Amino acid sequence: MAAEQSAGSRRAFLRSVGVAGGAGVLYSAMGALGLAPVPDVRAEEYRAPQRNDFALTGRGGKKVLVLGGGIAGLATAYELGKAGYDCQILEAKDRPGGRNWTVRGGTALTDLDGRTQTASFTKGQYMNAGPARLPQSHVTLEYCRELGVELQVFTNQNANAYIYHESSAALAGKPMRWRTAKADVYGYLSELLAKATDQGALDARLTPQDKERLIAFLQSFGAIKGKAGGYAYTGTDRRGYSAEPGAAFDDGTVLSPVPTLSDVIASGVGQRFAFELGYDQAMLMFQPVGGMDAIPYALAKAIGQNRITYGAKALEVKDLPDGAEVTYKDVGGRTRTQRADFVVAAMPPMVMARLKHNLGTDITAALKYAVPTPVGKIGLEYRSRWWETDEHIYGGITPTDTDLATIWYPSYGHQGRRGTLIGYYNFGANAVAYSDLPHAHRLARAVSRGVKIHGDKYRTELDHSFSVAWHRTPHIEAGWVDWPSQTGPEYKLLNQPAGHVYFAGDWLSHVIAWQHGAFSSARKVVTDIHERVMAA
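Note that this is a predicted model, so its numbers are computed, not measured.

Draft legend 1. Spotlight on the pairing of strand β1 (residues 63-67). The buried fraction of β1 amounts to four of the five residues, a majority that puts the element mostly inside the structure. Pairing geometry for β1 and strand β2 (residues 86-91), over five bridges, is parallel. What sits directly across from V64, in β2, is C87. In the classification by handedness, the crossover that spans β1, the intervening helix α2 (residues 71-81) and the parallel β2 is right-handed. The pairing of β1 with strand β18 (residues 342-345) spans four bridges and is classified as parallel. The residue of β18 that forms the bridge with V66 is V344.

Draft legend 2. Expanded view of the packing of helix α3 (residues 140-147) against helix α8 (residues 294-303). The N-to-C vectors of α3 and α8 enclose an angle of 55 degrees; their axes lie 10 Å apart at closest approach. By the angle between their directions, the pair α3 and α8 is classed as oblique. By crossing handedness, the relation of α3 to α8 is classed as left-handed. In this structure, α3 contributes T140, C144 and L147 to the contact, and α8 contributes I295, A298, L299 and A302. In terms of residue class, the contact of α3 with α8 is built from six nonpolar, one polar and no charged.

Draft legend 3. Geometry of a nonpolar patch on the surface. Taken together, the side chains of V153, M283 and L284 present a nonpolar region at the surface, about 210 Å² in accessible area. Considering the arrangement of structural elements, one finds V153 in strand β8 (residues 151-154).

Draft legend 4. The arrangement of the packing of α2 against helix α16 (residues 515-535) in detail. Here α2 crosses α16 at 40 degrees, and the two axes come no closer than 8 Å. Comparing their axes, α16 and α2 come out oblique. The two elements α2 and α16 cross, and the hand of that crossing is right-handed. For the pair formed by α2 and α16, the contact residues are I71, A72, A75, T76, E79 and L80 on the first element and Q515, A518, F519, A522, V526 and I529 on the second. Classifying every residue of the contact of α2 with α16 by side-chain character gives nine nonpolar, two polar and one charged.

Cut-offs and rules
- Residues numbered from 1 in each chain as written.
- Predicted model: local features only at pLDDT ≥ 70, side-chain atom pairs only at ≥ 80, totals over all residues.
- Heavy atoms only, no water.
- Buried < 20%, exposed > 50% of the residue type's maximum accessible area, 1.4 Å probe, protein only.
- Helix = DSSP H or I, 4+ residues; strand = E, 2+ residues; numbered from the N terminus.
- Pairing = 2+ DSSP bridges.
- Right-handed = clockwise from strand over helix to strand, strands pointing away.
- Axes fitted to C-alpha atoms, helices over the stretch in contact; angles between N-to-C directions.
- Parallel < 35°, antiparallel > 145°, perpendicular 65-115°, else oblique.
- Left-handed = near helix turned anticlockwise from the far one by under 90°.
- Contact = heavy atoms within 4.5 Å.
- Nonpolar A, V, L, I, M, F, W, Y, C, P; charged D, E, K, R; others polar.
- Patch = residues over 30% accessible without salt bridge, like charges linked within 9 Å, V, L, I, M, F, W, Y side chains within 5 Å.
- Areas by Shrake-Rupley, 256 points an atom, 1.4 Å probe, with all protein chains shown as cover.
- Salt bridge = Lys/Arg side-chain N within 4 Å of Asp/Glu carboxyl O.

Next comes the structure, spelled out in structure tokens:
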């Protein structure tokens, strides 16, 4: 009897704690009583809801409708499902993933202009039309581990790739290897700084010992000569070889001539190196084996295919006193309505803004405040991997100042017979210019630029292609969005519920355009909903 009274007292106590302090305090109290671990619900130390969270509370998981089967929507349903929530995803497309989309042979796309493409890539060839790389620090890798998604290295920076500037003041139209450009920029900068240091220009900041150490560093960093040689940069094998070293007495031929300091500065190649120093861009990086869409398909499988309705186009969202409801058109064109305790809108904000809803004009204005970014990509499949056999480029990216923006070489299928590279990955006005064209003209334009870098094989070896303009893609309409401000009322408003309606997506994070942002936003919403349910 005493044990029953004790259990009853604990239940009553926990209910009162939950009502007074919310789920976070309730968890702490349960932990103190030895009934549950004590989590820290900050994003970096996220704790997924669990079924035993409801122990002794008399509560259970609620019904949640998720609008959008992209990464944020999938992650929301996946995480809430761990605690027994009844989650249903309504996805307008016929696949999961949203912008996480891998194009293979047979993939079809009809854009907002009514133009249809069907990919003809051969078996084993694909292009990641959306996200294509995973930084080591991103939570996306944790989900790959949890879901059993196999990874391989994505080569984000390759010393053998090129930098191609067409409109620079010097060295224009001459593809320069990344390693060569870096050797020249580092060399000349080191020469200038070493000379300035030696001549006393930095005496106000450096001790004699500091000066010695700095010059020693610069000699190593820039491969420059010593004091007797005037600290000159004259080029070394860091630039590469025009003839590789070989056997016996063949010591190779170092690439020459070295451009002048003035030409190196005027070429602007040094501005490219900041890319590889970016926190989210630094090697090593990864990609799922076989295509980035391995992630959403693994999530969909874990959630349960019966919990995802494809071809469901949302029409209206209503917040109700005791929940929310969604009206949508199904794949057969029939209008249907579903009710739930909560709705999570994991849709692009500009798409959500057009839905009929009763959430208020402030919500509509906040959704429209985000600025869609035009983004385009084209995949080019070649009959041979000439970039490997002829130019020794195994993965990596060539930046350009043309409207291609970048060329990406594949990080899979090395030394195979065929290969598919990304012929442009561009943004803003360049992406819009390409999207205005039908696919055949996009292809011709991209190839005409690529030939200037790689020669005629860029055209003659081409076999298949497929292009995507994300801002012209139904139900998505942008590569990502940017905020004029993430400290203003609009961003704050959408990071809190509108009644029983929540919002999720990478656009509600500080890691926009990365899957990490979508996962992080989903985790926040999951935590918010779970705490609310536990505190009710």
